[in-house]
Amino acid sequence: MSAQFDKAVSIVQSLPKDGPVKPSQAQQLEFYALYKQATLGDVTTSRPGIMDFTGRAKWDAYKKKEGMSQDDAKAAYATKLKEVLEASNSDEAKQYLKELEEAGAN
């Protein structure tokens, strides 16, 4: 699972902003929260101040994952990416799906 998670992270981080695969803001928050849960475990920081809208949205998304195991978060991250790529149905997305599946087979 770790190899597939690492590949999924690599794909998400390399997606061009103007490319054919464009995760929505909600999907981006989900990737963020699952990544934090997978790599750090439960949130340990306090909620950002009321004027830090982005920080609060990220913190809230991360907090919702509290109690999820790191392995489950890694699996959910890869699954979420597969959903986004399948919905895109572009040639680039198909290539990413292939790479993701190959990483999971190792």
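Now for a look at the structure at hand. Just so it is clear, the model here is predicted, and its values are computed rather than measured.

### Quick look at helix α3 (residues 53-63)
For α3, the set of buried residues is G55, R56, W59, A61 and Y62. Along its buried surface, α3 packs onto α2 (25-40).

### Description of the packing of helix α4 (residues 70-88) against helix α5 (residues 91-105)
Running from N to C, α4 and α5 cross one another at 150°; their axes reach a closest spacing of 8 Å. Considered as vectors, α4 and α5 are oriented roughly antiparallel to each other. Crossing handedness for the pair α4 and α5: left-handed. Two secondary-structure elements touch here, α4 through A78, L81, K82, L85, E86 and S88 and α5 through A93, Y96, L97 and L100. Residues of the contact of α4 with α5, tallied by class, amount to seven nonpolar, one polar and two charged.

### Observations regarding the packing of α2 against α3
Look at α2 against α3: their axes get within 8 Å of each other, and the N-to-C directions meet at 60°. In terms of orientation, α2 and α3 fall into the oblique class. With respect to the hand of their crossing, α2 and α3 are arranged in right-handed fashion. Residues L29, Y32, A33, K36, Q37 and L40 of α2 form the contact with α3, whose participating residues are A57, K58, A61 and Y62. For the contact of α2 with α3, the residue count by class is seven nonpolar, one polar and two charged.

Cut-offs and rules
- Residues numbered from 1 in each chain as written.
- Predicted model: local features only at pLDDT ≥ 70, side-chain atom pairs only at ≥ 80, totals over all residues.
- Heavy atoms only, no water.
- Buried < 20%, exposed > 50% of the residue type's maximum accessible area, 1.4 Å probe, protein only.
- Helix = DSSP H or I, 4+ residues; strand = E, 2+ residues; numbered from the N terminus.
- Contact = heavy atoms within 4.5 Å.
- Axes fitted to C-alpha atoms, helices over the stretch in contact; angles between N-to-C directions.
- Parallel < 35°, antiparallel > 145°, perpendicular 65-115°, else oblique.
- Left-handed = near helix turned anticlockwise from the far one by under 90°.
- Nonpolar A, V, L, I, M, F, W, Y, C, P; charged D, E, K, R; others polar.

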